[in-house]
Amino acid sequence: MFKNVMMYRIGEGWSPSLEQIEQALDAERFVPCGASQEKAIGWVEPRGEAHGPLVEAVSGQRILKLKIETKGVPGSIVTRKAKERSAVIEATEGRKPGKKEMKEIKEDVKMSLMPMAFSKESSILVWIDPATNLMVMDAGSQAKADEVVTMLIKSFAGLSLTLINTQMSPQSAMASWLITQESPAAFSVDRECELKAADESKSVVRYVRHPLDTDEVKQHVEGGKLPTRLALTWEGRVSFSLTEAMQLKKVTFLDVVFEATSTEKDEGFDADVAIATGELSKLIPDLFEALGGEMALG
């Protein structure tokens, strides 16, 4: 749960009840793609149980889940079938279809093949912390996060979301940690990073399972290669890679996190949510502090 973390600040004045959230999500419930439909997007049950609630409340936190289904026909197949149709027209009518007609033929071919297309499904967990007005998404890319934001804004009137900005950019902070070879409070620098040159060469150096407190790494950074990703561990409890866009990738909860929890499997969803949100709700403020604090909105 929460292998990726993208953080947004919720604007003031938005505090719906659980019932209001459920009602709003139900209006945008996921409906699978139709035969000729390329994409479907909507809210599903976070717990994975059919006909369950669309919002789960665990330890005061709110958990939602967005599902996305896409269907597509490979462009090479569309092109080949369109050429076959064009050849038939040329043979039977003695003319070659123009650009506009070929475009229409390709679209028609695509629609005719869509019912046979395989679908891809993905889902994104959303965590809302009402106490701090923080929203966290388990989105692996900005494009996925944008889709979640679009659906949230569509579902909830009066909701505004802003990406978190800190006084020091993650890239500047990561560069400083590598040059000084000093980790920020509560964090330790691990053995993985990516450095990218800012000049036209765009050269990249990656270290994997490699010590980073070396003169070689320091010289790369001082020479103009800036960190785009750096592996960190928080309090010996959660490991992750911090990116230049302040996304957390490859989030891993370490064994010590689970030592005090029950090994029983009942209420697994609630336990997973409580552990993930409990750890991240302490890690995130420490990360903001390591980056000089959060910039005030407006």
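Refer to the structure above for everything that follows.
What comes next is a walk through the structure. Keep in mind the model is a prediction, meaning the values are calculated, not measured. (Residues numbered from 1 in each chain as written. Predicted model: local features only at pLDDT ≥ 70, side-chain atom pairs only at ≥ 80, totals over all residues. Heavy atoms only, no water.)

### Considerations on the overall build of the chain
Just so we agree on the cut-off: Runs of E in the DSSP output that reach at least two residues are strands. Runs of H or I that reach at least four are helices, and both are numbered from the N terminus. Each radius of gyration is computed over the set of C-alpha atoms, and the globule rule expresses the reference value as 2.2 Å times the number of residues to the power 0.38. Categorising residues by exposure relies on relative accessible area from a 1.4 Å probe, with only protein chains included: less than 20% of the type maximum marks a residue as buried, more than 50% marks it as exposed, and the intermediate range marks it as partly exposed. Contact definition: two residues touch when any of their heavy atoms are within 4.5 Å.
When helices and strands are tallied, the chain shows eight helices and twelve strands. Expected size for 298 residues packed as a compact globule is a radius of gyration near 19 Å; at 24 Å, the chain overshoots this value by more than 25%. Overall, the chain is about 75 × 55 × 45 Å in size when its C-alpha atoms are taken along their principal axes. A total of 298 residues make up the chain; the buried ones form 42% of that total. In the chain, the proportion of contacts linking residues at least 24 apart, taken out of those at least 6 apart, comes to 67%.

### Focus on the nonpolar core
To keep it simple, the criterion reads: Think of a nonpolar core as a cluster: buried Ala, Val, Leu, Ile, Met, Phe, Trp, Tyr and Cys residues, connected wherever their side-chain atoms sit within 4.5 Å.
Of all hydrophobic cores here, the largest spans 43 residues; its most connected members are Met 7, Trp 177, Phe 240, Leu 242, Leu 248 and Leu 283. For this core, the leading source of residues is helix H8 (residues 268-290), giving nine residues. Non-local contacts of Phe 240, meaning those with residues more than four positions away in its chain, are made with Phe 187, Leu 230, Ala 231, Leu 232, Trp 234, Leu 248, Lys 249, Lys 250, Val 251 and Leu 283. In this structure, Ile 124, Ile 128, Ala 145 and Leu 152 belong to the second largest nonpolar core, which totals 27 residues.

### Topic: the environment of Glu 279
Examined against the element boundaries, Glu 279 turns out to sit in helix H8. A C-alpha to C-alpha distance of 7.7 Å links Glu 279 and Val 238, two positions 41 residues apart in sequence. Contact partners of Glu 279, with chain neighbours within four places excluded, come to Trp 234, Arg 237, Val 238, Phe 253 and Val 257.

### Points about the pattern of salt bridges
Convention followed: The working definition used for a salt bridge is a side-chain nitrogen of Lys or Arg within 4 Å of a carboxyl oxygen of Asp or Glu.
In the structure shown here, the tally under the stated rule is 16 salt bridges. Between Lys 39 and Glu 147 there is a salt bridge whose closest N-O contact spans 2.1 Å. Separated by 108 residues along the polypeptide, Lys 39 in strand S2 (residues 39-43) and Glu 147 in helix H4 (residues 142-155) bring together distant segments of the chain. The class of Lys 39 is partly exposed, set by a relative accessible area of 39%. Linking Glu 192 and Lys 250 is a salt bridge whose minimum nitrogen-to-oxygen distance equals 2.7 Å. Residue Glu 192 is found in strand S8 (residues 187-197), and its partner Lys 250 is found in strand S12 (residues 248-253); the two are separated by 58 residues along the sequence. Through salt bridges with shared partners, a single network forms among Asp 26, Arg 29 and Glu 45.

### Some words on helix H1 (residues 18-26)
Given 3.6 residues per turn, any residue in an α-helix points the same way as the ones three and four places further on. Our working rule: As used here, the arc is the angular range of directions from the helix axis to the C-beta atoms.
All of the buried residues in H1 are Ile 21, Ala 24 and Leu 25. Looking down the long axis of H1, one finds its buried residues gathered within 95° of arc, a one-sided arrangement. Away from the buried face of H1 by more than 90 degrees, exposed residues Glu 19 and Gln 23 are located. If you follow the buried residues of H1, they end up packed against S2, strand S4 (61-71) and H4.

### Brief notes about the sheet that holds S8
The condition that has to hold: A strand pair is defined by DSSP finding two or more bridges across the two strands. Angular values range over 0 to 180 degrees, each being the angle between N-to-C directions of two axes fitted as lines to C-alpha atoms, with helices fitted over their stretch in contact.
Spatial ordering of the open sheet is given by S9-S8-S10-S11-S12, a layout of five strands whose pairing is antiparallel. Looking at which strands have only one partner, the edges of the open sheet turn out to be strand S9 (204-208) and S12. Shown here is a sheet whose adjacent strand axes are inclined to one another by a mean of 15°, direction ignored. Judged from the five bridges that link them, S8 and S9 form a sheet pairing that is antiparallel. Within the sheet, the bridge partner assigned to Lys 196 lies in S9 and is Val 204. Across the sheet, helix H5 (residues 170-180) is in contact with S8, strand S10 (225-234) and strand S11 (238-243); its angle to S10 comes to roughly 80°. The sheet contacts of helix H6 (residues 215-222) involve S8, S9 and S10, and relative to S9 the element is tilted by about 150°.

### Some points on the packing of aromatic side chains
Worth spelling out the cut-off: In this analysis, rings of Phe, Tyr and Trp, with Trp reduced to its six-membered ring, are considered paired at centre separations within 6.5 Å, and the interplanar angle assigns stacked below 30 degrees, edge-to-face beyond 60, and tilted for intermediate values.
Considering all chains together, one arrives at three aromatic pairs under this definition. Judged by centre distance (5.2 Å) and plane angle (80°), the rings of Trp 14 and Phe 156 are edge-to-face. One end of the pair, Trp 14, is in the loop between strand S1 (6-10) and H1; the other, Phe 156, is in the loop between H4 and strand S7 (161-163), with 142 residues separating them in the sequence. In this structure Trp 14 comes out as buried when scored by relative accessible area, which is 11%. According to the relative accessible area criterion, Phe 156 is buried, its value standing at 4%.

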